[in-house]
There are 2 protein chains.
Amino acid sequence: MNQPSLCTAPLLDISALRSSCSSCSMHQLCLPMGLEEADMQRLDRIIGRRRVRRDDTLYRIGDKFSSLYAVRVGQFKTYQANPDGAQQITGFQMSGELLGMDAISTDTHQCDAVALEDSEVCEIPFSRLEELFSDIPTLLRHFHRIMSKEITREQSVILLLGNMRAEQRFAAFLVNLSARYAARGYSPTNFQLRMTREDIGNYLGLTIESISRMLSKLKKDGMLKVSNRDIELVDLAALKIVATGAEVCN
Amino acid sequence: MNQPSLCTAPLLDISALRSSCSSCSMHQLCLPMGLEEADMQRLDRIIGRRRVRRDDTLYRIGDKFSSLYAVRVGQFKTYQANPDGAQQITGFQMSGELLGMDAISTDTHQCDAVALEDSEVCEIPFSRLEELFSDIPTLLRHFHRIMSKEITREQSVILLLGNMRAEQRFAAFLVNLSARYAARGYSPTNFQLRMTREDIGNYLGLTIESISRMLSKLKKDGMLKVSNRDIELVDLAALKIVATGAEVCN
DNA sequence: CGAATGTTTGAAGGTGATCAAATGGGGTGG
DNA sequence: CCACCCCATTTGATCACCTTCAAACATTCG
């Protein structure tokens, strides 16, 4: 599946699978950020593209690590399972974001990655990426930035889970999504949730019922409109205030 | 302070500050892991040693990033502060563990690092470390493992905060400490907590009162003995079961 | 149309937080 | 060495937030 086949694909555009880093709209956010054209092409040559259908697994806990993945189109969730079977979503990944960095230390994937919708990823064989590092210092430096950013991101999740109340967690979640959509050129106020309420609840350390109640409350307070998975953040500024933990007198 | 001065130090052994990676008992756990003697000496040459007194700050949020730090002696805590002032401890670092990796992405420290006791760190100027990467592939590979491990560690904190009950969180915390002391050649069952109950509570997303109650409960259940900060894990196996979330009928 | 899945809403209950007070240790100065 | 104070910790009582349980409702898909 790494090489695009010649037969027509029913749902996805074949030309997208052929396209390179240079032509990818995400290259400013993604691994090739800041590379010169020639270096970008070298990187391009080691990368394979791959489709992942909704609900399909990109990799599982325990799988041998061989590649990192960059989301090209679509969204993913990654989750850990603890010994007693309960699972915890540790992140939602959007286009331009890298998956699999937690596998480097043990050579084994430490979480499951599942597509939230029909998606495409760029598969980056890690050993070949390592070969490039010695030749392209910019690439190495940016790779370190990306891993560091992942550490920072997880720290904010820890902050969220460790000392925010339910409403604050949910507002922070929405504000975060908003910013990430905006960074990709989409509306910061109108978007679709790609994950179920259950996924959101799991991620935020809350139950599905609590998520539903938070949605209803924020709707009642006039901060957002919601219809199924379509969200409109009517008052993003107010949401940001809630997300910072300001007390509201009701 | 990077160079040991010639005057006698009142509390700490000067010879310790002179010592190199090769003579450091932590070099199997730390950055130089797996390096040949010659490479270890090259790494050694860029590293400065530094003392940090209890409650002193190694770096603060917003500080310009220039060095990573390896804990040589002692322990640290790192915490984030959210906009409204509440803080959240994201980790406790022991000897051989690396601090500051979250600063690489923005060139600015993203958390505060404070010594829990009189400590020593190895200061590793990052730009000079980067120069070594191109010459010592083993070093680069190990650095990636360390960053990846930090990502994995934070994921388990997310799991802990996201779906464990108070008792389970606290048991998991003790079991984790136990394993890390054991890895350093100390007793896995008898050790001293270097942090306050308040720090533990903050880290685990619980109040100080809850931590105190958990201690009392586990003591009553015969799993541990506690006297101030001295802990004896009387029944480590049972603690591990609690940490995995098994339901106990009381 | 019916079944399955996902979502909303309500009522009751539990876990851990909050508030309050007592206890204990460690450090300082006499 | 002791008295004192300060701070950390423990313990108890009450409360609030969120969970759990339950049922109705909506949506999707065969």
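Residues numbered from 1 in each chain as written. Chains lettered and ligands numbered in written order. Predicted model: local features only at pLDDT ≥ 70, side-chain atom pairs only at ≥ 80, totals over all residues. Heavy atoms only, no water.

Chain A goes by Cyclic nucleotide-binding domain protein in an unreviewed UniProt entry, where it is assigned to Collimonas arenae.

Colleague: Can you help me understand the packing of aromatic side chains in this one?
Modeller: To describe a pair of aromatic rings, you give the distance between the ring centres and the angle between the ring planes. Under the definition given, this model contains 20 aromatic pairs over all chains. Seen in terms of ring centroids, Phe-126 of chain B and Phe-143 of chain B are 6.1 Å apart; in terms of plane orientation they differ by 45°. Their pairing is tilted. Linking Phe-126 of chain B in helix 3 (residues 126–135) with Phe-143 of chain B in helix 4 (residues 137–163), this pair joins segments that are 17 residues apart in sequence. Through successive ring pairs, a cluster of aromatic residues spans Phe-65, Phe-126, Phe-133 and Phe-143 of chain A. (Phe/Tyr/Trp six-rings, centres within 6.5 Å; stacked < 30°, edge-to-face > 60°. Helix = DSSP H or I, 4+ residues; strand = E, 2+ residues; numbered from the N terminus.)

Colleague: Any chance you could explain the protein's contact with DNA strand D here in plain terms?
Modeller: Around DNA strand D sit 16 residues, and of these Ala-166 and Ser-210 of chain A together with Arg-197, Ser-212 and Ser-216 of chain B come closest. Atoms of DNA strand D within 4 Å of the protein: sugar and phosphate make up 69%, bases the balance. Contact between DNA strand D and Thr-207 of chain A: a phosphate oxygen at 3.2 Å from a side-chain N or O atom of the residue. Within the side chain of Arg-197 of chain B, an N or O atom sits 3.0 Å from a phosphate oxygen of DNA strand D. (Near = heavy atom within 4 Å. Polar contact = N/O pair within 3.5 Å; in protein donor to acceptor, adjacent residues only side chain to side chain.)

Colleague: What's the story with helix 8 (residues 236–244) of chain A in this structure? I'm lost.
Modeller: Residue pairs spaced three or four apart in an α-helix point in one direction, given the helix's 3.6 residues per turn. Residue and element names in this part refer to chain A. Listed in full, the buried residues belonging to helix 8 are Leu-236, Ala-238, Leu-239, Val-242 and Ala-243. In an axial view of helix 8, the angular spread of the buried residues amounts to 155°, which keeps them on one side of the axis. Against the buried residues of helix 8 lie helix 5 (166–183), helix 7 (208–220) and strand 11 (230–233). With its phi angle positive at about 95°, Gly-245 sits one or two positions after the end of helix 8. (Buried < 20%, exposed > 50% of the residue type's maximum accessible area, 1.4 Å probe, protein only. Arc of directions from axis to C-beta. Contact = heavy atoms within 4.5 Å.)

Colleague: I keep staring at the protein's contact with DNA strand C and nothing clicks. Help me out?
Modeller: Near DNA strand C you find 15 residues, and of these Arg-197 and Ser-216 of chain A together with Arg-165, Ala-166 and Ser-210 of chain B are the closest. Sugar and phosphate atoms represent 71% of those atoms of DNA strand C found within 4 Å of the protein. Ser-216 of chain A places a side-chain nitrogen or oxygen 2.4 Å from a phosphate oxygen of DNA strand C. In this structure, Ala-166 of chain B approaches DNA strand C through a main-chain N or O atom, which is 2.6 Å from a phosphate oxygen. Contributions of two or more residues to the surface near DNA strand C are made by helix 7 of chain A together with helix 7 (208–220) of chain B. For the surface near DNA strand C, the element with the most residues is helix 7 of chain A, which contributes four residues. Split by residue class, the surface near DNA strand C holds two nonpolar, seven polar and six charged. (Nonpolar A, V, L, I, M, F, W, Y, C, P; charged D, E, K, R; others polar.)

Colleague: For this particular structure, what's the right way to read the pattern of salt bridges?
Modeller: Here the idea is simple: oppositely charged side chains can pair when their charged atoms come close. Residues and elements named next belong to chain B. In the structure shown here, the tally under the stated rule is 32 salt bridges over all chains. With a shortest N-O distance of 2.9 Å, Asp-107 and Lys-64 are connected by a salt bridge. Here Asp-107 is found in the loop between strand 6 (98–99) and strand 7 (112–115), whereas its partner Lys-64 is found in the loop between strand 2 (57–59) and strand 3 (67–73), with 43 residues between them in sequence. Close ionic contact of Glu-120 with Arg-72 constitutes a salt bridge, the shortest N to O distance being 3.4 Å. Taken together, the residues Glu-120 in strand 8 (residues 119–125) and Arg-72 in strand 3 connect sequence positions 48 residues apart. When sorted by exposure, Glu-120 lands in the same class as Arg-72, which is buried. (Salt bridge = Lys/Arg side-chain N within 4 Å of Asp/Glu carboxyl O.)

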